[in-house]
Amino acid sequence: MTVKTLKIDGKDVAIERGATILQAAKEASIPIPTLCFLEGVTPAAACRMCLVEVEGSSKLLPACVTEVAEGMVVQTNTPKLQEFRRMNVELLFAEGNHVCSICVANGNCELQDMAITVGMDHSRFPYRFPDRHVDVSHEQFGIDHNRCILCTRCVRVCDEIEGAHVWDVAQRGEHCFIVSGLHQPWGEVDACTACGKCVDACPTGAIFRKGNTTGEKERDRAKLAFLVTAREKHQWTR
Amino acid sequence: MDKIRFATVWLAGCSGCHMSFLDLDEWLIVLAQQADVVYSPVGSDIKDYPENVDVCLVEGGVANEDNLELLLNVRKRTKTLISFGDCAVTANVPGMRNMLGGAEPVLKRGYLELAEHSPQLPHAPGIVPELLAQVLPVHQIVPVDIYMPGCPPPADRIRATLEPLLRGGNARHGRPRHD
């Protein structure tokens, strides 16, 4: 195993080749905020919360997919990054219709938590109020596209852990949305096993169990980690 | 020390933020000793927003012409304007009508399409204020000094925001964490 050494926020870190900056930072107990990242499934670099500055690169790089390199010098928390992260969260709020007060995930939402982490108390961008839909055709679950931040965690857990690939990403830009099956109502997608992993993975209240009302959404996030460990390390108990 | 001139206004919101304000309970007595309530739907019966107000809590989004006119007066006549609660900060539930488009589709939806008996559009110029095309958060109309999110903001958050202002201190240092 080849080891790479690098500097993160002035701290010397050594980690195996092929690891990402996010893994190296975690190893060194340096927190980097993430939203779309989910342990056990392929990183997507969709949310841009984990952008870091790397010396010699004119672009900001997403820590979740950028591999470490020998002698790399990384900054994770400069004033510029703090400002960009706050702007990023404001844009996520302005893009969809995030009405926390009537949301199943109110008080138990990673987007809300992130707003607090980055010190956002209002959006400096005008809200778009897009016309989005709610699909409650599934017997047990619903998806409210108003609350979706397109992190694609549902797409990845369904494909990589459950192996059903019910979800995918349709359209581009402002029309982008999470699509079920061949653009069918969720309840009509035969591939869905009703396992609920997408509910557990969703950071907001976009995918929820029916019958949940405001603030009632609970996730079994540990189930996802357990399944990945079971598969990779053959540990079958929880 | 002189009392501060204190006001609260209620735009497009459910008044829940004002109810939360009343949840300050006995601290309201402390507040009353340090503040003159010069305008408030729950604390005075004065109809016109006065001049030279020190601190104003603004509840609600800006949904109609009355809201807009009052808010412009509030900004002109107030030193520290606090965007009070989620409707003021984000447009929140009142803002959900924005997804239908402008005022006309909203009125048609509410008074014609969903009406069971005698559907008709409200029309009483000078009495029923005209809707604005969109419900907007307060800071999209006028500059805001302090943001106090929450639906509603709990009483201890309201107190933590107001206390430094009563002492004449810097408001921003008194801004509570919104968790």
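Residues numbered from 1 in each chain as written. Chains lettered and ligands numbered in written order. Predicted model: local features only at pLDDT ≥ 70, side-chain atom pairs only at ≥ 80, totals over all residues.

Within chain A, the regular secondary structure consists of six helices and ten strands. Against the 2.2 N^0.38 benchmark of 18 Å for 238 residues, chain A shows a C-alpha radius of gyration of 19 Å, consistent with a compact globule. Dimensions of chain A, computed from the C-alpha atoms along their principal axes, are close to 55 × 50 × 30 Å. Residue burial in chain A is summarised as follows: out of 238 residues, 38% are buried. (Helix = DSSP H or I, 4+ residues; strand = E, 2+ residues; numbered from the N terminus. Rg over C-alpha atoms; globule rule 2.2 N^0.38 Å. Buried ≥ 20, exposed ≤ 12 C-beta atoms within 10 Å, placed from the backbone.)

The next subject is the sheet that holds strand β1 (residues 3–8) of chain A. All names here are of chain A. Taken in spatial order, the five strands of this open sheet run β2-β1-β5-β3-β4, and their pairing is mixed. Both edges of this open sheet fall to β2 (11–16) and β4 (61–62), since each of them pairs with a single strand only. Bridge analysis of β1 against β2 gives six bridges, and the strand direction is antiparallel. The residue bridging Lys7 from the neighbouring strand is Asp12, located in β2. (Pairing = 2+ DSSP bridges.)

Moving on: the domain arrangement of chain A. Residue and element names in this part refer to chain A. Its domain assignment divides chain A into domain 1 (3–77) and domain 2 (84–220). Facing the twelve residues of domain 1 at the interface are 16 residues of domain 2. Split by residue class, the side of domain 1 that touches domain 2 holds ten nonpolar, one polar and one charged. (Domains from an automatic or database assignment. Contact = placed C-beta atoms within 7 Å. Nonpolar A, V, L, I, M, F, W, Y, C, P; charged D, E, K, R; others polar.)

Let's shift gears to the interface of chain B and chain A. Each partner contributes to the interface: chain B provides 17 residues, whereas chain A provides twelve residues. Residue composition of the side of chain B that touches chain A, grouped by class: eight nonpolar, seven polar and two charged.

Let's shift gears to helix α6 (residues 155–166) of chain B. All names here are of chain B. The terminal C-alpha atoms of α6 lie 16 Å apart, and with twelve residues this matches the ideal 16 Å at 1.5 Å per residue to within 8%. Looking at α6, one finds that the buried residues are Arg157, Ile158, Arg159, Thr161, Leu162, Leu165 and Leu166. Where α6 terminates, the next one or two residues include Gly168, which has phi positive at roughly 75°. (Expected span 1.5 Å × (residues − 1).)

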